[in-house]
Amino acid sequence: MARHRGYVTPADFVRDRFDSSALAITGILATMPYIALQIYGIEVSIAQMGVPIEISLIIAFAILAAYTYTSGLRAPAMIAVVKDMCIWLVVLVAVIYIPIKLGGFGNIFKAVHAKAVASGGTFHDVLPAAEYPAYATLALGSALALFLYPHTLTGILSTNSRKVVRRNAALLPAYTFLIGLICLLGYVAIAAGIDPSPIYKSNVALPALFAKEFSAWFAGFSFAAIAIGALTPAAIMSIAAASLFTRNIYREYFHPTCTEREEANTARTVSLAVKVGALAFILFFPLTLAINLQLLSNIWILQTLPAVFLGLYTNWFHRRALVIGLLGGLLTGTLMIISRGFESSVFPLSLGSLTIPMYAAVPALVVNLLLCVCLTPLFKLLGVSNGRDNTTAADFEAHPVAGSSESLLLSQMTPNGRDDITEREGVLNPTR
Amino acid sequence: MVNWEMLGVFIVVFTAVTILAFWAFMLSPT
């Protein structure tokens, strides 16, 4: 569908589906803390080699800015394979070599348990029952948010075929496994006696572990792998956010007749502005747990779920209800985070006498969905203009090629399939 | 204090990978 319609951003789809461009701002906003996390990762790695922190931050920012300003989207894509090989190598060496040095995983888990016993309830080696809802909602919220980000969707939408999307989706568990191994390195760091740094707190655990346990040259290689591993997604994110702005805001509202050159120049400037915004998050956001930056991004981007994911299935929602739901979700999630002083993304939700710790993204999404579902019939009843759905059922079902017409798409479909679509279209789109 | 051995390897690896990306970028047909 994206190839047929020429969609590059999720906001492109929502503009056609619901005749609304409100989504673009959320994508740009939500990308900033995520980029901040990547810049911070590069900063911590450079600082671990003894470089003063201010200089580390400046270097991290300059590397990212120069990289994206000169090369666009293609260089990060080219570098991705090398980056993955470097990171896989470092992680595999770390989970095999360091545990052998420390006497095996048995010793490591023993050391972690001893720390949990000694901490008197502030640290747990196994998830306590009270944290189950927080963990479950964090997993659910993060999983749903992942494919709503402009950078992941831009990657998917710009692929050549469904086959590529399927193949990449099949390979994704390999990355999840890698992340599991990296999480295990947190336990290894405890067993190796790594203490939180006074400046970077426990965010420095892995670089400090590498610096302590690896020889100097391999530690240097590991930090380079971390830096490249952070640079590539940060570059893709800032470019995706910039293209979201130029395609869905600048060209649509400010300069509809702009040339491709003007669009590219605007994208470069916006990409730089997004990175400056990310820098502001590093300077002003409490970074006791840097992962909160990503979790904040998740809370914001998850609020686009009704328009993007549910929009794929139905156009029943009223576009004004979607916008109000989006704002309601953003406001709820942000207020929950503010009430926690930006130190945690888990909010203790009180339901009568029951208090359930939940990842703020999930209750915010519930508020968003409730607003969408309740306000849609109301707006329809009041006759508020709903815009026009420019997508067709054939867009969703056929195997289109760029430039093909709707009649060609319909002719590709089996008679049964066509009946199903016609029937479903009648239910979902009674106005057409 | 800066660990020059670590920093040296960091700079070499980082620069090599970046150059590789730009080289591939320059060679790509579009």
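These numbers come from a predicted model, not from an experiment.

Draft legend 1. Main features of the overall build of chain A. The secondary structure content of chain A amounts to 19 helices and two strands. Compactness check: chain A gives a C-alpha radius of gyration of 24 Å against a globular reference of 22 Å for 432 residues, within 12% of the reference. Across its three principal axes, chain A shows a C-alpha extent of roughly 70 × 55 × 40 Å. Residues classed as buried in chain A amount to 42% of the 432 residues present.

Draft legend 2. Structural detail: the confidence of the model for chain B. Of the residues in chain B, 77% reach a pLDDT of 70 or more, and the chain-wide mean stands at 81. Under the prediction, the complex receives an ipTM of 0.90, its pTM being 0.83.

Draft legend 3. The pairing of strand β2 (residues 354-359) of chain A, seen in detail. Residue and element names in this part refer to chain A. Of the strand pairs in this sheet, strand β1 (residues 346-351) and β2 are connected by six bridges, and their pairing is antiparallel. The residue bridging Leu-349 from the neighbouring strand is Ile-356, located in β2. The turn joining β1 and β2, which pair antiparallel and follow one another in sequence, is formed by two residues; a positive phi near 65 degrees is taken by Gly-352.

Draft legend 4. View of the interface of chain A and chain B. On the chain B side, the residues contacting the 18 residues of chain A number 18 residues. Where the side of chain A that touches chain B is concerned, the elements lending two or more residues are α5 (74-101) and α11 (216-254) of chain A. Counting residues per element, the side of chain A that touches chain B draws most heavily on α11(A), at nine residues. Its residues assigned to classes, the side of chain A that touches chain B comprises 14 nonpolar, three polar and one charged.

Draft legend 5. Spotlight on helix α13 (residues 291-302) of chain A. Residues and elements named next belong to chain A. Its twelve residues give α13 an end-to-end C-alpha distance of 16 Å, which sits within 8% of 16 Å, the value for a rise of 1.5 Å per residue. Of all twelve residues in α13, ten are buried, a share of seventy percent or more. When we look at burial in α13, the residues that qualify are Asn-292, Leu-293, Leu-295, Leu-296, Ser-297, Asn-298, Ile-299, Trp-300, Ile-301 and Leu-302. Those residues of α13 that are buried lie in contact with α3 (23-48), α7 (132-146), α12 (260-284), α14 (305-313), α15 (319-339) and α16 (361-382).

Draft legend 6. Expanded view of the environment of A:Leu330. All names here are of chain A. Tracing the sequence through the fold places Leu-330 in helix α15. Considering only alpha carbons, one finds Leu-330 and Ala-364, 34 residues apart in sequence, at a separation of 7.0 Å. Dropping the residues within four chain positions of it, Leu-330 is found in contact with Thr-26, Trp-300 and Gln-303.

Draft legend 7. Region of interest: the environment of A:Phe221. Among the secondary structure elements, A:Phe221 is positioned in helix α11. Distance in space between the C-alpha atoms of A:Phe221 and A:Ile87 is 9.8 Å, their sequence separation being 134 residues. The residues contacting A:Phe221, other than those within four sequence positions of it, are B:Val9 and B:Val13.

Draft legend 8. Examining unusual backbone geometry more closely. All names here are of chain A. You will see that Asp-19, though not glycine, has its phi angle at about 55 degrees, which is positive. With respect to the helices, strands and loops of the structure, Asp-19 is situated in the loop between α2 (10-18) and α3. Judged by local crowding, Asp-19 falls into the partly exposed class, with 15 C-beta atoms found within 10 Å. Within the chain, Lys-201 stands out as a residue other than glycine whose phi angle is a positive 55 degrees. Here Lys-201 shows up in the loop between α9 (162-191) and α10 (205-213).

The rules we used
Note that residues are indexed from 1 along each chain, following the sequence as it is written. For this description, chains carry letters from A and ligands carry numbers from 1, given in the order in which they are written. Local features in this predicted model are restricted to residues whose pLDDT is 70 or higher, and side-chain atom pairs enter the listing and the counts only when it is 80 or higher, whereas totals over whole chains, interfaces and linings include all residues. Secondary structure follows DSSP: runs of H or I at least 4 residues long count as helices, runs of E at least 2 residues long count as strands, and numbering of each begins at the N terminus. C-alpha atoms define the radius of gyration in this analysis, and the globule rule sets the expected value at 2.2 Å times the number of residues to the power 0.38. Counting other C-beta atoms within 10 Å of a residue's C-beta gives its exposure: the residue is buried at 20 or more, exposed at 12 or fewer, and partly exposed in between, where C-beta atoms are placed from the backbone. The predictor attaches a confidence to each residue, called pLDDT, with possible values from 0 through 100. Strands were regarded as paired on the criterion that DSSP finds at least two bridges between them. Our contact criterion uses C-beta atoms placed from the backbone: two residues qualify when those atoms are within 7 Å. Under the scheme applied, nonpolar residues are Ala, Val, Leu, Ile, Met, Phe, Trp, Tyr, Cys and Pro; charged residues are Asp, Glu, Lys and Arg; polar residues are all the others, including Gly. Here a helix's expected span is defined as the number of its residues, less one, multiplied by 1.5 Å.

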